[in-house]
Amino acid sequence: MDKYRLVGERKNDLINSEDDRNLNADQYVRITQQGKPRNYISYAMNLLVNGNDKIVLKAMGRAINKAVTIAEIMKRKMPLHQVNCLASSEVVDVFEPLEEGLDVVESKRYVSCITITLSTTDQGVDKNDIGYQPPLAAEE
């Protein structure tokens, strides 16, 4: 791969569900590997305090453990219903040749994704979902 350079990346996001389409864009928190957890927590808490009863944390790849940590910290600050959804997303890397005579190379890989829905009420939350977690008890 010394004779190629990465020129682009296409993502086919497979974690959009029907429930996610009903939410506003300001109800999503996209977790990345570079961001600080306290910034994500304060932003998400402000969303919940300012009238949203449901928020969605989304993360891919190495940011998944950070998203889970953020959700657990938030659940300890206030009683929240949680629904987890695991999926994978196809990422296609496009490599351009540095020398003439070589073809463009596309490489497919699958990246793990998580969607964590946190809700202050049980309205619109499927309690029979395999990823459902009720709010923590007061002593936890």
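The rules behind these values
Residues numbered from 1 in each chain as written. Predicted model: local features only at pLDDT ≥ 70, side-chain atom pairs only at ≥ 80, totals over all residues. Heavy atoms only, no water. Salt bridge = Lys/Arg side-chain N within 4 Å of Asp/Glu carboxyl O. Helix = DSSP H or I, 4+ residues; strand = E, 2+ residues; numbered from the N terminus. Buried < 20%, exposed > 50% of the residue type's maximum accessible area, 1.4 Å probe, protein only. Core = buried A, V, L, I, M, F, W, Y, C linked by side-chain atoms within 4.5 Å. Contact = heavy atoms within 4.5 Å.

Scanning all chains against the criterion turns up 5 salt bridges. Between Glu99 and Lys3 there is a salt bridge, with its nearest N and O atoms 4.0 Å apart. Here Glu99 is found in the loop between β4 (81-97) and β5 (105-119), whereas its partner Lys3 is found in the segment before β1 (4-12), with 96 residues between them in sequence. Two residues, Glu72 and Arg76, come together in a salt bridge whose shortest N-O distance is 3.0 Å. Here Glu72 and its partner Arg76 are both found in helix α3 (residues 64-77), 4 residues apart, which amounts to about one turn of the helix. On the basis of relative accessibility, which here comes to 25%, the residue Glu72 falls in the partly exposed class.

Before going further, it helps to spend a moment on the nonpolar core. For soluble globular proteins, nonpolar side chains are generally found buried alongside one another. Ranked by size, the top nonpolar core spans 21 residues in total, and within it Ile31, Ile55, Leu57, Met74 and Leu118 carry the most contacts. Going through the elements one at a time, β2 (28-31), α2 (37-49), β3 (54-60), α3 and β5 are the ones with two or more residues in this core. Of the residues forming this core, the biggest block, 6 residues, is contributed by α2. For Ile55, the residues in contact, after removing those within four places along its chain, are Gln27, Ala44, Leu47, Leu48, Met74, Ile116, Thr117 and Leu118.

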